[in-house]
Amino acid sequence: MAVPLTVDTDRVRREVAVQLVSDRRAEWGQFMTPAPIARLMAGLFPSGSGSECRLLDAGAGVGSLTAAFLDRCIAGELRFRRIHVDAYEIDPVIRARLAETLDVYRMGLGVEARIHDADFIRAAVDVLAGSLFAESLPRFTHAILNPPYRKIRSDSPERAFLRSVGIETVNLYSAFVALALALLRRGGHLVAIIPRSFCNGPYYKPFRCFMLRQAALRCVHLFDARDRAFKDDGVLQENVILLLERGGHQGDVRFSRSADGLCADWTERLLQFEQVVHPSDPERFIRLPLSEFSARLSASSRFRRTLCDLDVEVSTGPVVDFRMKDDLRRMPEEGAVPLLYPAHFRDGGMQWPKDGFRKWNAIAHNGRTERWLFPAGFYVAVRRFSAKEERRRVVAGVVDPAAWRAPRSSALKTTSTSSTGGGRACPNPLPGDWPASLTPPYSMKPSAPSTGTPKLTPRTCAR
Ligand SMILES: C[S@@+](CC[C@H](N)C(=O)[O-])C[C@H]1O[C@@H](n2cnc3c(N)ncnc32)[C@H](O)[C@@H]1O
């Protein structure tokens, strides 16, 4: 049964949304949490009791998350003798509505609430760095957040602040989570809704390492639909909700899924932590296996090798077609080599050339294009992007030069390719000896003229 909110935060959220300045909205990531998701998030905190609760809401908006948490206190699921809330909100327009929300709980529940008119990053760094000018802040028992999302450049003031307390990260959302975690007491819990992008990729590695060192990952909730969680604001984002326990002993991870915050199709299961983060993975990728089968596959010791271990390189196709228009050819011709797009992929191989193709089937082989061509050989070409909604997420085709009678090389557009280490094509006898081209963003670049076996430069080998 849904717990009734004492404040109708959905109404307040909608009223405020029309008052916001659009530039600021993007800069400060002002996309507020709908009440059902706020309730789902607050519901993840383990029920219990204690003498004191100190709740942090960083980037509090109109207070929807704090309200959902306090409604659980009203419902008796969380029992504390004293409750203090510290809410940070940078926008004065929103802060006024936040104050109204918190007043309701101040009066109704005796909550002590402080609203900080401050940039949370600066304020938290000051506290953690022990600055003389820092406000005194107790360590928190609970933190709940839907932080702003925005990339932070490596030369930005935010990055410098964060570095000063040992936090290296690339987005406001991961900065907020890292700081909030650092401000928690041992045993304290943090619930956050954030994009899923931190789960893999090299940029978020320091954040993953920090998070998994500081806290035990207790629950992950995944929204299956990208367009529903924040549908009022038209946000298309793959979001997850995390429950972390600062300093907790890592055990199994509860993994739940639903299309949206209404959770009509809720499913959940327990995953061993080793299924989520492989013990031998130096990248600390966070894997969310969608089925029992993929969980078993992910945990299997048979799939532990990296591409580097296998002497296979991945690279992006280097041809940027709109910059090389003069060299593009609709159909093969003398002096041109195959140019491959994902549209050429067919049944695990290549259908080339394509009659009536609205893009290009070939590229001239000359001094301008030489550096973008791949030596003839076997490659696996992979389409770079796929949408979450697509049934088949990996779309690939084998480039088999035997299928094309003459070329010495080829080019790929918008795909990634793999070849053997040292950038050689996968070994196979080749008819003739000709270069091929692959367009961006995946490329293998011959470092020597195409005589003998060219050296290719790997772009994405993780080590
Ligand atoms: C994604 S919204 C979420 C608001 C609220 N937590 C919710 O769930 O509805 C992020 C909020 O953080 C505020 N904000 C952005 N940058 C901030 C900063 N550096 N310090 C404090 N608040 C910030 C924005 O104004 C916005 O209200």
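Values in this document were obtained by computation on a predicted structure and should not be read as measured data.

A. Examining the overall build of the protein more closely. Along its length, the protein carries 11 helices and 21 strands. Put simply, the protein has 463 residues, and 40% of those count as buried. Pairs at least 24 residues apart make up 77% of the contacts formed inside the protein by residues separated by at least 6 positions.

B. Spotlight on helix 4 (residues 64–74). Judged by how many residues are buried, helix 4 sits mostly within the fold: eight of 11 residues are covered. Where helix 4 is buried, its residues touch helix 1 (9–17), helix 3 (35–42), strand 1 (48–58), strand 2 (78–88), helix 5 (92–109) and strand 4 (140–145). Of the residues one or two after helix 4, Gly76 is the one with positive phi, at around 80°.

C. Focus on unusual backbone geometry. Between Trp352 and the following residue, Pro353, the backbone shows a cis peptide bond with an omega angle of -10°. The phi dihedral of Arg284 falls on the positive side, at around 55°, and the residue is not glycine. Note that Arg284 resides in the loop between helix 10 (273–276) and helix 11 (292–299). Arg284 gets classed as partly exposed once you count the C-beta atoms within 10 Å, which come to 19. A positive phi angle, near 50°, is found at Asp347, a position not held by glycine.

D. Fine view of the packing of helix 4 against helix 5. At their nearest, the axes of helix 4 and helix 5 sit 11 Å apart, and the two run at 15° to each other. Relative to helix 5, the element helix 4 lies roughly parallel. In terms of crossing hand, the pair formed by helix 4 and helix 5 is left-handed. Between helix 4, through Ala67, Leu70, Cys73 and Ile74, and helix 5, the contact on the second element is made entirely by Thr101, Tyr105 and Leu109. For the contact of helix 4 with helix 5, a count of residues per class yields six nonpolar, one polar and no charged.

E. Up close: the site of the ligand. Taken together, the neighbourhood of the ligand is formed by 21 residues, with Met32, Thr33, Gly59, Gly61 and Asn146 sitting nearest. Every element with two or more residues in the shell around the ligand is listed here: helix 4 and helix 6 (120–129). Partitioned by chemical class, the residues of the shell around the ligand number 11 nonpolar, seven polar and three charged.

F. Just the environment of Arg284, in detail. Taking the C-alpha atoms as reference, Arg284 lies 6.5 Å from Arg208; in sequence the two are 76 residues apart. Each residue touching Arg284, except ones within four places of it in the same chain, is listed here: Lys205, Arg208, Cys209, Leu212 and Val277.

G. Geometry of the sheet that holds strand 9 (residues 267–271). Sheet architecture is open: nine strands sit in the order 3-2-1-4-5-7-6-8-9, paired in mixed fashion. Of all strands in the sheet, those with a lone pairing partner are strand 3 (112–116) and strand 9, marking the two edges. Strand-to-strand twist of the sheet, defined as the mean angle between neighbouring strand axes without regard to direction, takes the value 15°. In this sheet, strand 8 (residues 253–258) lies alongside strand 6 (residues 215–223) in parallel orientation, the contact comprising five bridges. Paired with Cys219 across the bridge in strand 8 is Arg254.

H. Region of interest: the confidence of the model for the protein. In the predicted model, the protein carries a mean pLDDT of 82, and the fraction of residues at 70 or more is 83%. This model gives residues 427–463 a pLDDT under 50, and the stretch forms 139 contacts once residues within four places in sequence are excluded.

I. Expanded view of helix 5. Helix length check: helix 5 (18 residues) gives 25 Å between terminal C-alpha atoms against 26 Å at 1.5 Å per residue, within 8%. What helix 5 keeps buried is the set Ile94, Arg97, Leu98, Thr101, Leu102 and Tyr105. Looking straight down helix 5, one finds that the buried residues subtend no more than 135° of arc, so they occupy a single side. Away from the buried face of helix 5 by more than 90 degrees, exposed residues Pro92, Glu100 and Met107 are located. Elements that come into contact with the buried residues of helix 5 comprise helix 1, helix 4, strand 2 and strand 3. Note on helix 5: the residue one or two positions beyond its end, Gly110, has a positive phi of about 70°.

J. Highlighting the pairing of strand 18 (residues 396–399). The alternating pattern of strand 18 places Gly397 and Val399 on a buried face and Ala396 and Val398 on a face that is not buried. Bridging between strand 17 (residues 379–383) and strand 18 involves four bridges; their strand directions are antiparallel. Paired with Val380 across the strands is Val398, a residue of strand 18.

K. The arrangement of the pairing of strand 6 in detail. Taken together, the seven bridges between strand 6 and strand 7 (residues 239–246) define a ladder with antiparallel strand orientation. Bridge pairing links Leu217 to Leu244 in strand 7.

L. A look at the nonpolar core. Of all hydrophobic cores here, the largest spans 81 residues; its most connected members are Met41, Phe176, Ala180 and Leu242. Considering each element in turn, this core owes the most residues, nine residues, to helix 8 (residues 172–182). Excluding residues within four positions of it along the chain, Phe176 makes contact with Ala58, Gly59, Phe120, Leu145 and Pro147. By size, the runner-up hydrophobic cluster in this structure holds 20 residues, among which are Val337, Phe345, Trp352 and Ile363.

M. How the structure looks around the packing of helix 6 against helix 8. Running from N to C, helix 6 and helix 8 point in directions that differ by 35°, and their axes come no closer than 10 Å. With respect to the hand of their crossing, helix 6 and helix 8 are arranged in left-handed fashion. Across from Phe120, Ile121, Ala124 and Leu128 in helix 6, the residues of helix 8 making contact are Ala175, Phe176, Leu179 and Ala182. Taken together, the residues of the contact of helix 6 with helix 8 sort by class into eight nonpolar, no polar and no charged.

About the cut-offs
- Within each chain, residues carry numbers counting from 1 in the order of the written sequence.
- Confidence filtering applies because this is a predicted model: local features only for residues at pLDDT of at least 70, side-chain atom pairs given and counted only at 80 or more, and all residues used for totals across whole chains, interfaces and linings.
- Secondary structure elements are defined from DSSP: runs of H or I of at least 4 residues count as helices, runs of E of at least 2 residues count as strands, and each element is numbered from the N terminus.
- Once C-beta atoms are placed from the backbone, each residue is buried if 20 or more other C-beta atoms lie within 10 Å of its own, exposed if 12 or fewer, and partly exposed for counts between those two.
- Residues are treated as contacting if the C-beta atoms built from their backbones sit within 7 Å of each other.
- An axis is simply a line fitted to the C-alpha atoms; with a helix, the fit covers only the stretch in contact. Between two such axes, the angle follows the N-to-C directions and lies from 0 to 180 degrees.
- Each angle gets one of four labels, with under 35 degrees taken as roughly parallel, over 145 as roughly antiparallel, 65 to 115 as roughly perpendicular, and the rest as oblique.
- The hand of a helix crossing depends on one turn: near helix anticlockwise from the far one by less than a right angle means left-handed, and clockwise means right-handed.
- In this classification, the charged set is Asp, Glu, Lys and Arg, the nonpolar set is Ala, Val, Leu, Ile, Met, Phe, Trp, Tyr, Cys and Pro, and all remaining amino acids, among them Gly, are polar.
- Here is the check we use: build the C-beta atom from the backbone, and if it is within 6 Å of the molecule or strand, call the residue near.
- Whether two strands pair depends on DSSP finding at least two bridges between them.
- Scored between 0 and 100, pLDDT is the confidence that the predictor attaches to each residue.
- Any helix carries an expected span of 1.5 Å times its number of residues minus one.
- When we speak of the arc, we mean the arc of directions from the helix axis to the C-beta atoms.
- Nonpolar core, as used here: buried Ala, Val, Leu, Ile, Met, Phe, Trp, Tyr and Cys residues forming one set through C-beta atoms within 7 Å.

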